[in-house]
Amino acid sequence: MIDEFNVSAVLDVGCGTGTFGSLLAQRGTRVLGVDPAGASAAVAHTKPSADQVTWIVGTALDVAADPAQQQQWDLATMTANVAQVFLSNEEWALTLQAIRACLRPGGYVAFKSRVPSDRGWTRWTKELTQRVVDVVGEGPVEEWVQVTKVDGAFVTFDSPTIFLADGERVDSTSTLRFRTEEEFRDSLSKAGFAQIQVRDLPYAPSRGWLIIAHA
């Protein structure tokens, strides 16, 4: 995608622990990563090439409120589940408007979302998702995902993390909204985006979308 659109400056909204931003920086791309979780930003600062990325604790609205960041970015991205964490129409609309304000004329927004008709949440069980991974500095870490509630387009799930070296457990509960293709197209159009494309994710055809729109 970076090569397809020939971009040199990327705003990574919901950058999390900075994996994507640091990879872009290693390619020579100018990157601003923004995430509301300070703990994630702290981890992002430890990633390779992290010193070449600007990290901000906040949201797209905070970035857009800074005149120095307006119309400065070729591409805005939302990886992983980021586009689905905005539960209300208002919150999603404000985020899209803020992103558009940060993009240069002719820039792009690109993000992922799961296809609602796939009902991927039916596979979010402990039995199907449980795994143990080795984390540098922490040792073996056990994790899984377990759906606790489905309410129309809203899916709530628990995602415990257990540090097996000392038994510490961190519990997390999240809710995602599964928007339809029509809802994405309509919201992007209302935010001023055009040339909206809804593509299959190459690694998850019919299960995930890559959505791209032109500012």
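So, how was this worked out
- Residues numbered from 1 in each chain as written.
- Predicted model: local features only at pLDDT ≥ 70, side-chain atom pairs only at ≥ 80, totals over all residues.
- Heavy atoms only, no water.
- Helix = DSSP H or I, 4+ residues; strand = E, 2+ residues; numbered from the N terminus.
- Rg over C-alpha atoms; globule rule 2.2 N^0.38 Å.
- Buried < 20%, exposed > 50% of the residue type's maximum accessible area, 1.4 Å probe, protein only.
- Pairing = 2+ DSSP bridges.
- Contact = heavy atoms within 4.5 Å.
- Salt bridge = Lys/Arg side-chain N within 4 Å of Asp/Glu carboxyl O.
- Axes fitted to C-alpha atoms, helices over the stretch in contact; angles between N-to-C directions.

Novice: Got a minute to help me understand the overall build of the protein chain in this structure?
Specialist: Regarding its fold elements, the protein chain presents seven helices and 14 strands. The C-alpha atoms of the protein chain give 18 Å as radius of gyration, which agrees with the globular expectation for 215 residues (17 Å, within 12%). Projecting the C-alpha coordinates of the protein chain onto the three principal axes gives extents of approximately 50 × 40 × 30 Å. Going through the 215 residues of the protein chain one by one, you find that 43% of them count as buried.

Novice: Any chance you could explain unusual backbone geometry here in plain terms?
Specialist: Apart from glycine, the bulk of residues carry a negative phi angle, and the bulk of peptide bonds sit in the trans form. Of note in this structure, Ser49 is not a glycine but carries a positive phi near 65°. Relative to the elements of secondary structure, Ser49 occurs in the loop between helix 3 (38–44) and strand 3 (53–57). A relative accessible area of 18% places Ser49 in the buried class. One non-glycine residue, Gln195, lies in positive phi territory at about 50°. By secondary structure assignment, the location of Gln195 is in strand 13 (residues 194–201).

Novice: Any chance you could explain the pairing of strand 8 (residues 146–151) here in plain terms?
Specialist: Where a strand is regular, its side chains alternate between the two sheet faces. Judged from the five bridges that link them, strand 8 and strand 9 (residues 154–158) form a sheet pairing that is antiparallel. Note on strand 9: the bridge partner recorded for Lys149 is Thr156. Hairpin geometry of strand 8 and strand 9 is characterised by an intervening segment of two residues between the two adjacent antiparallel strands and by a positive phi of about 65° at Gly152.

Novice: I'm lost on the side chain of Gln84 in this one. Help?
Specialist: With respect to the helices, strands and loops of the structure, Gln84 is situated in the loop between strand 4 (73–78) and helix 5 (89–102). Taking the relative accessible area as the measure of exposure, Gln84 reaches 0% and is therefore buried. When neighbours within four sequence positions are excluded, Gln84 is seen to be in contact with Ser113, Arg114, Thr175, Leu176, Arg177 and Phe178.

Novice: Explain the pattern of salt bridges here, please?
Specialist: Pairing is possible between side chains of opposite charge, provided their charged atoms come close. Under the counting rule described, the total for this entry stands at nine salt bridges. For the salt bridge of Arg104 with Asp74, the shortest nitrogen-to-oxygen distance reads 2.7 Å. With Arg104 in strand 5 (residues 103–114) and Asp74 in strand 4, the pair connects residues that are 30 residues apart, well separated along the chain. One salt bridge in this structure joins Glu143 and Arg131, with 2.6 Å as the shortest N-O distance. You can see Glu143 sitting in strand 7 (residues 139–143) and its partner Arg131 sitting in strand 6 (residues 131–135), a full 12 residues away along the chain. In this structure, a network of salt bridges that share partners links the residues Asp118, Arg123 and Arg207.

Novice: Even after reading the chapter, I still don't get the sheet that holds strand 6, so can you show me in this structure?
Specialist: Spatially, the four strands line up as an open sheet ordered 6-7-10-11, and their pairing is antiparallel. Two strands lie at the open edges of the sheet, namely strand 6 and strand 11 (168–170), each paired on one side alone. Each neighbouring strand pair of the sheet contributes to a mean axis angle of 25°, computed without reference to strand direction. Two elements, strand 6 and strand 7, share five bridges in a ladder whose sense is antiparallel. From the neighbouring strand, Val135 faces strand 7, where its bridge partner is Gly139.

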